[in-house]
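# Tertiary structure, described
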Amino acid sequence: MAKICVFLAEGFEECEALLVVDVCRRAGLDLKMVSISEDVRVTSSHGVTVVADLVLSQVNFDEVDMIVLPGGMPGTKNLEDCEPLMKQVEAFYHGGKYVSAICAAPSILGHRGFLKGREAVSYPTFESHLEGATVLKETVAVSDHVTTSRGLGTAIDFGLAIVERFLGKEEAEKIATAIVYR
């Protein structure tokens, strides 16, 4: 079974993280919420405190199949400033493992040159950070092992794209039907 980690930093956008968690767990995927600090409690950009499953130092990245970066401010900046996490994002990208980001977080991938020659999306005011990408207006862009999404309003589509990647289109459609999404 695929193992997915959603990384939470102070100031993350709660719905972008938790909708992905919900959709993926409904599909039976092994998804863990991971605090980038040593405290499992992480407060979102709108003052919602979430209790993560793990802290960054507890993650065995050899067992992880996908890294998910939610947006939000200052959450995105805090993710990007977390050097141990960024080393893993780089290792995943260069190793061909799955990296996914939503809203402002695709800017992290753009800053590292990971979007050059790829189709990508982000929150509109962060599109200039998608360095070298063909910027789309779709809700989600899947380009090889990189998935990006535009923001809170596209978080369910983002979660369903992750489900589809690991379990196929039919399973993603079953989840969408079950949550009365389509």
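Definitions and limits used
Residues numbered from 1 in each chain as written. Predicted model: local features only at pLDDT ≥ 70, side-chain atom pairs only at ≥ 80, totals over all residues. Heavy atoms only, no water. Disulfide = S-S within 2.5 Å. Buried < 20%, exposed > 50% of the residue type's maximum accessible area, 1.4 Å probe, protein only. Helix = DSSP H or I, 4+ residues; strand = E, 2+ residues; numbered from the N terminus. Pairing = 2+ DSSP bridges. Right-handed = clockwise from strand over helix to strand, strands pointing away. Salt bridge = Lys/Arg side-chain N within 4 Å of Asp/Glu carboxyl O. Axes fitted to C-alpha atoms, helices over the stretch in contact; angles between N-to-C directions. Left-handed = near helix turned anticlockwise from the far one by under 90°. Contact = heavy atoms within 4.5 Å. Expected span 1.5 Å × (residues − 1). Arc of directions from axis to C-beta.

## Concerning the state of the cysteines
The full count for this structure, using the stated rule, is 0 disulfides. Left unpaired, Cys24 is separated from the closest cysteine sulfur, that of Cys5, by 12 Å. What makes Cys24 buried here is its relative accessible area of 0%. The structure places no disulfide on Cys82, whose sulfur is separated from the nearest cysteine sulfur, that of Cys5, by 13 Å. Owing to a relative accessible area of 8%, Cys82 belongs among the buried residues under this scheme.

## Topic: the pairing of strand β1 (residues 3–8)
Burial runs high along β1: 6 of the 6 residues are buried. Residues Lys3, Cys5 and Phe7 point to one face of β1 and Ile4, Val6 and Leu8 to the other, with burial holding for every one of them. Both β1 and strand β2 (residues 30–35) contribute to a ladder of 6 bridges, which runs parallel. Looking at the pairing, Val6 lines up with Met33 of β2. Handedness of the crossover is the feature at issue here: the chain leaves β1, passes through helix α1 (residues 14–26), returns alongside β2, and the resulting connection is right-handed. As defined by bridge partners, β1 adjoins strand β6 (residues 66–69) across 3 bridges and the pair is classed as parallel. Considered in β6, the bridge of Val6 is made with Val68.

## Some remarks on the pattern of salt bridges
Applying the stated criterion across every chain yields a total of 12 salt bridges. We note a salt bridge from Asp53 to Arg25, for which the minimum N-O separation is 2.7 Å. Here the residue Asp53 occupies a position in the loop between β4 (49–51) and β5 (54–55), and Arg25 occupies one in helix α1, the gap between them amounting to 28 residues. Taking relative accessible area as the criterion, Asp53 reaches 36% and is therefore assigned partly exposed. For Arg25, a relative accessible area of 37% puts it in the partly exposed group. A salt bridge links Lys32 to Asp30, with the shortest nitrogen-to-oxygen separation between them at 3.6 Å. Given a relative accessible area of 28%, Lys32 falls into the partly exposed group. Owing to a relative accessible area of 28%, Asp30 belongs among the partly exposed residues under this scheme. Residues joined by salt bridges that share partners form a network here, namely Glu80, Glu90 and Arg112.

## Structural notes on the packing of helix α5 (residues 155–167) against helix α6 (residues 169–178)
With their axes 7 Å apart at the nearest point, α5 and α6 run at an angle of 145° to one another. α5 and α6 meet at a crossing whose hand is right-handed. Contact residues: Leu160, Val163, Glu164 and Leu167 in α5; Lys169, Glu171, Ala172, Ile175 and Ala176 in α6.

## Considering helix α3 (residues 83–94)
Over its 12 residues, α3 extends 16 Å from the first C-alpha to the last, a length consistent with the 16 Å expected when each residue adds 1.5 Å. Here α3 has its buried residues at Leu85, Met86, Val89, Phe92 and Tyr93. One face of α3 carries all of its buried residues, which in axial projection span an arc of 120°. Residues of α3 that are exposed and angled more than 90 degrees away from the buried face: Lys87 and His94. On its buried face, α3 is in contact with β1, β6, α2 (75–80), β7 (98–102), α4 (106–111) and β11 (146–149). A positive phi of about 75° marks Gly96, the residue just after α3.

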